[in-house]
Amino acid sequence: RPRPRQPRPHRPALPQGCSEPAGREPRLRDTPEDICFEATVNAIALHPDRPLLAAGDVDGDVYLYSYSCTEGENRQLWSSGHHLKSCRDVALSQDGQKLFTVSKDKSIHILTVEEGRLETRFPKAHGSALNCVLPIDNNLFATGDDGGALKVWDLRKGDAILEAHQQEEYISAMAVDGNGKILLTASGDGTLGVFNVKRRRFELLSEPQNGDLTSVVLLKRGRKVACGSSEGTIYLFNWDGFGAASDRFALRAESVDCVVPITDSIVCVGSLDGVIRAVNILPNRVLGCVGQHPGEPIEQLALAPARQLLASCAHDQKVKFWDVGGLAGLVVDDYRRKKKRGGPLRALSGKATASGEDFFAGLRD
């Protein structure tokens, strides 16, 4: 004979807004949730080995966060308020143990990543407000200021080993080759500066380009250098041919404010219009939209070590994450089909929205 069914015990309803306490797996996302700040974030950097994000804001505060694709798992690990004015740039050392920060107050701070403890401080490092910092190796790093001055510092000596003032306007960005020998500086005067770190000397300046040069990156296994400009143009230089640009092409974008290489040929570009575009270099194509901070100028982009995640910061006081893992598989050939004007910019990630303008139509080789 079948046994009579036992009545289920009564379970009180959970209060509104509470989730099931047990047996519920946290939701996995394609990308981490946005990280919100109390002030505009000027600069971000991602750790070379771990899911850690450093950020500096206009109030001079510096933060370290751990980020995760598991919902609700982003965590602030520490914050530091040592800078008296806006923190303009942050960078992590190659071994991931030190965080370099530079400020409008002309100071350089070096903090421990684990604790956020101030380890080294150069209070009046430059004569003008500092704008960017770049670690070269575990002992050397470079800084550039609003007046166009460059310094290369040696932590073993605690002082600058190279000082140069060849450019007339602010140094916006820097890059170094794989040997740590040649340092490149992009400037607001439209020139690309070339410096020899090993020999501690200035090499040459390029011809001035139209608009401010805002960014500089190495591509094509170091054979090409790409510079973004405030006019919305990307200028290309051949390695060992820095005197004049070898190629240029204009995006239908208000500006090219920051550039991050995703592969040897594909870069992501941030602009004043808040759109992050993926661009293939040689052949020159706009591939589509990776993400956006709608209507908010993008300050910086940073790529995670596995090259799957891109982080961005903008004037909306948020750091957002974008899935760029699919970009490496895109193949771009020399043949370009004509597109109808007014079509949308292709969305390249799940969170990206297609733009109402056709950025392919305004592209010229």
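Bear in mind that the values here come from a model prediction, so they are computed numbers and not experimental data.

## Concerning the overall build of the protein
A count of helical and extended segments in the protein gives 0 helices and 28 strands. Among the 365 residues that make up the protein, the fraction classed as buried is 53%. Pairs at least 24 apart in sequence give 45% of the contacts found in the protein among residues at least 6 apart. Only carbon and sulfur atoms are counted for the fraction: they give 44% of the accessible area of the protein, which is about 17700 Å².

## With respect to the sheet that holds strand S27 (residues 309-314)
Spatial ordering of the open sheet is given by S1-S28-S27-S26, a layout of 4 strands whose pairing is antiparallel. Each end of this open sheet is capped by a strand with a single partner; those strands are strand S1 (35-36) and strand S26 (298-303). Both S27 and strand S28 (residues 318-323) contribute to a ladder of 5 bridges, which runs antiparallel. Looking at the pairing, Ala-311 lines up with Phe-321 of S28.

## A look at the confidence of the model for the protein
The predicted model of the protein averages 90 in pLDDT, with 87% of residues at 70 or higher. Low pLDDT (under 50) marks residues 1-21, which in the prediction has 5 contacts with non-local residues, meaning those over four places away or in another chain. Note that residues 356-365 has pLDDT below 50 and, in this model, 39 contacts with residues that lie over four places away or in other chains.

## Overview of the pairing of strand S2 (residues 41-46)
Most of S2 sits inside the fold, with 6 of its 6 residues counted as buried. The turn joining S2 and strand S3 (residues 52-57), which pair antiparallel and follow one another in sequence, is formed by 5 residues.

## Notes on the side chain of Thr-112
Within the secondary structure, Thr-112 sits in strand S8 (residues 108-112). Once residues within four sequence positions are removed from consideration, Thr-112 is found in contact with Trp-78, Gln-97, Arg-117 and Glu-119.

## What about the nonpolar core?
In terms of nonpolar packing, the biggest core is built from 19 residues, with Ile-234, Leu-251, Val-267, Val-269, Val-279 and Ile-281 touching the most fellow members. Those elements giving two or more residues to this core turn out to be strand S18 (213-219), strand S20 (233-238), strand S23 (266-270), strand S24 (275-280) and strand S25 (285-292). Ile-266, Leu-301, Leu-310 and Leu-348 belong to the second-largest nonpolar core, a separate cluster that totals 18 residues.

## Describing the packing of aromatic side chains
Here the structure, examined in full by the defined rule, presents 10 aromatic pairs. Both rings, one in Phe-37 and one in Tyr-65, keep their centres 5.5 Å apart while their planes meet at 70°; by these two values the pair is edge-to-face. Of the two residues, Phe-37 sits in the loop between S1 and S2 while Tyr-65 sits in strand S4 (residues 62-66), which places them 28 residues apart along the sequence. Each member of the pair, Phe-37 as well as Tyr-65, is classed as buried. Measuring from centroid to centroid gives 6.1 Å for Phe-141 and Trp-153, while their planes differ by 10°, and the two rings are stacked. Placement of Phe-141 in strand S11 (residues 140-145) and of Trp-153 in strand S12 (residues 150-154) is noted, with a sequence separation of 12 residues between them. A connected cluster of aromatic rings, assembled from ring pairs, spans Phe-100, Phe-122, Phe-141 and Trp-153. For Lys-351, the ring lying beneath its charged end belongs to Trp-322, and the centroid distance is 4.8 Å.

## With respect to the environment of Ala-54
Looking at the element boundaries, Ala-54 is found in strand S3. Sequence separation between Ala-54 and Val-113 is 59 residues, and the spatial gap between their C-alpha atoms is 8.9 Å. The contacts of Ala-54, once residues within four sequence positions are left out, are Ala-43, Ile-44, Ala-45, Tyr-63, Leu-64, Val-90 and Leu-99.

Cut-off values and rules
- Residues numbered from 1 in each chain as written.
- Predicted model: local features only at pLDDT ≥ 70, side-chain atom pairs only at ≥ 80, totals over all residues.
- Heavy atoms only, no water.
- Helix = DSSP H or I, 4+ residues; strand = E, 2+ residues; numbered from the N terminus.
- Buried < 20%, exposed > 50% of the residue type's maximum accessible area, 1.4 Å probe, protein only.
- Contact = heavy atoms within 4.5 Å.
- Areas by Shrake-Rupley, 256 points an atom, 1.4 Å probe, with all protein chains shown as cover.
- Pairing = 2+ DSSP bridges.
- pLDDT = per-residue confidence, 0-100.
- Core = buried A, V, L, I, M, F, W, Y, C linked by side-chain atoms within 4.5 Å.
- Phe/Tyr/Trp six-rings, centres within 6.5 Å; stacked < 30°, edge-to-face > 60°.
- Lys NZ or Arg CZ within 6 Å of the ring centre and 35° of its normal.

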